[in-house]
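Coordinate analysis (summary)
Each chain, written out:
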Amino acid sequence: MQLVFATNNLNKVKEVQELIPLNIKVLSLKDIGCFEEIPETQDTIEGNAIQKVEFIKKHYDYDCFADDTGLEVEALNGAPGVYSARYAGELRDANNNMNKLLTELANHNNRNAQFKTVVALHINNTTQTFTGICQGEITKTKHGENGFGYDPIFKPNGFDETFAEMDLKIKNSIGHRGKAIAKLVNLLKTIEQKFS
Ligand code: IMP
């Protein structure tokens, strides 16, 4: 079985490759000759994930999965949420995004937050979604060098380290994307069994 993972984010490809069974070949956008920007214009995380897989199916005719992630901060009524990538502007700069969030939270004691990932899968002419959530809190300063995005300021519940201080395997096992991908993998295993 082969599936396209509709992302240009190499960090995500690295994370997800560790989780998908080896007998499922994951193709990148480059592998299928897709070099254009895939639209993400919906106002929900789920809507964006679905939009990406349906775009690939329509224009490239491949079965496909895609993820969309947002960081939802309780004291900010769920912001930045679906707008996490562009929180501090169109440059999508991780440091600017983190600095803006730290400034917005400066006067808040409630630092609860959660990462939410929705993975959409389009296979056999059907689209379905899988959600993974990781709860934690926003730290007061940045810690760690691993990972990407908001990782240096997100400390998952039950841990003393931020995601950026953790080994990738640990992040995957407790993280939002890992949880959503685990649900996807379960479904893929069922489909494989049916057709083998
Ligand atoms: P997207 O799912 O690639 O659109 O990500 C939206 C925003 O959330 C971007 O700013 C990413 O850098 C950030 N983001 C997504 N996944 C993670 C993660 O696992 N850790 C930290 N930041 C993330």
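That block above? That's the structure.
Keep in mind it's a predicted model, so treat the numbers as computed, not measured.

**A short note on the pattern of salt bridges**
- This model, assessed by the stated rule, comprises 7 salt bridges.
- The partner of Arg86 in a salt bridge is Glu90, and the shortest N-O contact between them spans 3.1 Å.
- According to the relative accessible area criterion, Arg86 is partly exposed, its value standing at 32%.
- Overlapping salt bridges bring together Glu40, Lys52 and Asp68 as one network.

**Looking at helix α2 (residues 45-60)**
- The terminal C-alpha atoms of α2 lie 23 Å apart, and with 16 residues this matches the ideal 22 Å at 1.5 Å per residue to within 8%.
- By the burial criterion, the buried members of α2 are Ile45, Gly47, Asn48, Ala49, Gln51, Lys52, Val53, Phe55 and Ile56.
- On its buried side, α2 packs onto β1 (2-5), β3 (64-73), β5 (112-123) and β6 (126-138).
- Phi for Asp61, located one or two positions after α2, is positive at around 55 degrees.

**Brief notes about the site of the ligand**
- With respect to spatial proximity, 14 residues lie near the ligand, and among them Lys12, Thr69, Asp151, Lys171 and Arg177 are the closest.
- For the ligand, an oxygen atom lies 2.7 Å from a polar atom in the backbone of Thr69.
- Coverage of the ligand by the protein amounts to 90% of the 480 Å² it exposes when considered alone.
- A molecule is said to occupy a pocket when more than half its atoms come within 2 Å of that pocket's grid points, and by this definition the ligand occupies the largest pocket.
- Those elements that place two or more of their residues in the shell around the ligand are β3 and α5 (176-195).
- By residue class, the composition of the shell around the ligand is 4 nonpolar, 4 polar and 6 charged.

What counts and what doesn't
Residues numbered from 1 in each chain as written. Predicted model: local features only at pLDDT ≥ 70, side-chain atom pairs only at ≥ 80, totals over all residues. Heavy atoms only, no water. Salt bridge = Lys/Arg side-chain N within 4 Å of Asp/Glu carboxyl O. Buried < 20%, exposed > 50% of the residue type's maximum accessible area, 1.4 Å probe, protein only. Helix = DSSP H or I, 4+ residues; strand = E, 2+ residues; numbered from the N terminus. Expected span 1.5 Å × (residues − 1). Contact = heavy atoms within 4.5 Å. Near = heavy atom within 4 Å. Polar contact = N/O pair within 3.5 Å; in protein donor to acceptor, adjacent residues only side chain to side chain. Areas by Shrake-Rupley, 256 points an atom, 1.4 Å probe, with all protein chains shown as cover. 1 Å grid on protein atoms, 1.4 Å probe; cavity = no way out; pocket = protein on both sides within 12 Å on 5 of 7 lines; lining within 4 Å. Sits in = over half its atoms within 2 Å of the grid points. Nonpolar A, V, L, I, M, F, W, Y, C, P; charged D, E, K, R; others polar.

The values reported here are purely geometric and, on their own, carry no functional implication.
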